[in-house]
Amino acid sequence: MTIERIDPATRYSEAVIVNGLMFCSGMVPEVESADAREQTRDVLAQIDRLLARVGSDKSKLIDATIYLTSLDDYAAMNDVWDAWLAPGCAPARATVEAKLASPDWKVEIKVVAAV
């Protein structure tokens, strides 16, 4: 079995590929001052770039976990998420309210995709 680590650091790798699956680390917004809608767009754009880098795309999503600092942002996040998804390719998904590592982050998303 081959394990490929994408951008490994001491604490985590940006993603890990094994057995035809890519597991990404939690992706957080680069624009911390934005609202939940814009932070979701930011994170999904990062996921698009990561998927393209490993030869995959959002039509190959298998699983997603979304962390929100407040479920008050659930509808705004879902508006962006729904528009972003490839039609007919929704992954299994969980959304939870959680305290994130930075108080400025409103959303963190991690996905598993086929490559």
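The structure under discussion appears in the preceding block.
Here's what I pulled together on the structure shown here.

What counts, and at which threshold
- Residues numbered from 1 in each chain as written.
- Predicted model: local features only at pLDDT ≥ 70, side-chain atom pairs only at ≥ 80, totals over all residues.
- Heavy atoms only, no water.
- Core = buried A, V, L, I, M, F, W, Y, C linked by side-chain atoms within 4.5 Å.
- Buried < 20%, exposed > 50% of the residue type's maximum accessible area, 1.4 Å probe, protein only.
- Helix = DSSP H or I, 4+ residues; strand = E, 2+ residues; numbered from the N terminus.
- Contact = heavy atoms within 4.5 Å.
- Lys, Arg positive; Asp, Glu negative; His and termini not counted.
- Salt bridge = Lys/Arg side-chain N within 4 Å of Asp/Glu carboxyl O.
- Pairing = 2+ DSSP bridges.
- Right-handed = clockwise from strand over helix to strand, strands pointing away.
- Axes fitted to C-alpha atoms, helices over the stretch in contact; angles between N-to-C directions.

## Considerations on the nonpolar core
Next, step 1: Judged by nonpolar contacts, the single largest core of 25 residues is most densely connected at M22, I47, W81, I109 and V111.
Next, step 2: Of all the secondary-structure elements, those providing two or more residues to this core are β2 (13-18), β3 (21-24), α1 (36-53), β4 (61-68), α2 (74-84) and β6 (107-114).
Next, step 3: Top element by residues in this core is α1. It accounts for five residues.
Next, step 4: If we skip the residues at most four places from it in the chain, V111 touches M22, F23, C24, I47, L61, D63 and A64.

## Focus on the side chain of S13
Next, step 1: Mapped onto the elements, S13 comes out in strand β2.
Next, step 2: For S13, the contacting residues outside a window of four places in its chain are R5, I6, D7, P8 and S25.

## Description of the side chain of D73
Next, step 1: If you trace the backbone, D73 turns up in the loop between β4 and α2.
Next, step 2: Buried D73, no salt bridge; nearest opposite-charge side chain is K106, N-O distance 6.0 Å.
Next, step 3: The residues touching D73, leaving out its near neighbours within four places in the chain, are A36, L68 and K106.

## Here we look at unusual backbone geometry
Next, step 1: In this structure, D7 is a non-glycine residue whose phi angle is positive, near 50°.
Next, step 2: Summarising the element assignment, D7 is placed in strand β1 (residues 3-8).
Next, step 3: We note that N19 has phi near 50°; this positive angle belongs to a residue other than glycine.
Next, step 4: Tracing the sequence through the fold places N19 in the loop between β2 and β3.

## Considerations on the pairing of β4
Next, step 1: Across seven bridges, β4 lies against β6 in antiparallel orientation. The residue bridging L61 from the neighbouring strand is A113, located in β6.
Next, step 2: With six bridges joining them, β4 and strand β5 (residues 92-97) adopt parallel strand pairing. From the neighbouring strand, L68 faces β5, where its bridge partner is E97.
Next, step 3: For the crossover that starts at β4, traverses α2 and ends in the parallel β5, the hand is right-handed.

## Description of the sheet that holds β3
Next, step 1: Ordered in space as β1-β2-β3-β6-β4-β5, the six strands form an open sheet in which the pairing is mixed. The two strands at the open ends of the sheet, each matched to only one other strand, are β1 and β5. Averaged over all adjacent pairs, the angle separating strand axes in this sheet is 10°, with direction ignored.
Next, step 2: The pairing of β3 with β6 spans three bridges and is classified as antiparallel. Residue F23 lies in a different strand from β6, and its bridge partner there is V112.
Next, step 3: With respect to the sheet, α1 is in contact with β1, β2, β3, β4 and β6, its orientation differing from that of β6 by roughly 25°.

## Some points on the pattern of salt bridges
Pairing is possible between side chains of opposite charge, provided their charged atoms come close.
Next, step 1: Taken as a whole, this structure holds three salt bridges when the rule is applied.
Next, step 2: Close ionic contact of R53 with D7 constitutes a salt bridge, the shortest N to O distance being 2.7 Å. Of the two residues, R53 is situated in helix α1 and D7 in strand β1; the sequence distance between them amounts to 46 residues.
Next, step 3: Across the pair D79 and R37 runs a salt bridge, and its minimum N-O distance is 3.2 Å. Remark: R37 occurs in helix α1 and D79 occurs in helix α2; sequence separation between them is 42 residues.

That's the geometry; what it means functionally is another story.
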